[in-house]
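Observations on chain architecture
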Amino acid sequence: MNWHVEPILTRCQALLTSLPDGLLGPLLFALGVSGVALCAFKDIFQNLRAGLLIRITRPFRMGDRIVRGEPEGTVEDMQVRATGGVWPSASGMATALRRSA
């Protein structure tokens, strides 16, 4: 298994030594900032991906009745980031509910 790691490390070392002077610091800074940004926006990217998958696979459409155990309701709005519906409450009155994708 270690024989796979050695060529990668050798190539990384060759790449870093071939960089012009003064470029290594900004390059490492840019990689660090992009890593932090990806971690910060991870949930947003996951919600966007889930919304797109709902749009592509179409597991339900507007007007469909969804039952999941006790709560059940009708889908009234579908967006990329959220799906909304009307769900009856315990008092018998309908309440609007938005579920994030």
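Residues numbered from 1 in each chain as written. Predicted model: local features only at pLDDT ≥ 70, side-chain atom pairs only at ≥ 80, totals over all residues. Heavy atoms only, no water.

Moving on, we come to the overall build of the chain. Along the chain, the regular secondary structure elements total 3 helices and 4 strands. Going residue by residue from the N terminus, the α and β elements of the chain occur as α-α-α-β-β-β-β. Taking all 101 residues of the chain together, 12% fall into the buried category. For the chain, long-range pairs separated by at least 24 residues make up 17% of all intrachain contacts whose partners lie at least 6 apart in sequence. When the accessible surface of the chain is summed, it comes to about 8300 Å², and 65% of that surface belongs to carbon and sulfur atoms. (Helix = DSSP H or I, 4+ residues; strand = E, 2+ residues; numbered from the N terminus. Buried < 20%, exposed > 50% of the residue type's maximum accessible area, 1.4 Å probe, protein only. Contact = heavy atoms within 4.5 Å. Areas by Shrake-Rupley, 256 points an atom, 1.4 Å probe, with all protein chains shown as cover.)

With that settled, consider helix H3 (residues 42-57). Here H3 is 16 residues long and its end C-alpha atoms lie 22 Å apart, about the 22 Å a rise of 1.5 Å per residue gives. Looking one or two residues beyond H3, the residue adopting positive phi is arginine 58, at roughly 50°. (Expected span 1.5 Å × (residues − 1).)

This brings us to a nonpolar patch on the surface. Residues Leu16, Leu24, Leu27, Leu28 and Leu31 make up a contiguous nonpolar surface patch of roughly 440 Å² in combined accessible area. For the nonpolar patch, the element with the highest residue contribution is helix H2 (residues 24-40), accounting for 4 residues. Along the chain, the position of leucine 27 falls in helix H2. (Patch = residues over 30% accessible without salt bridge, like charges linked within 9 Å, V, L, I, M, F, W, Y side chains within 5 Å. Salt bridge = Lys/Arg side-chain N within 4 Å of Asp/Glu carboxyl O.)

Averaged over every residue, the pLDDT of the chain is 76; the share at 70 or more is 75%. Taken element by element, the chain is modelled with least confidence in strand S4 (residues 94-100), mean pLDDT 51, and with most confidence in H2, mean pLDDT 87. (pLDDT = per-residue confidence, 0-100.)

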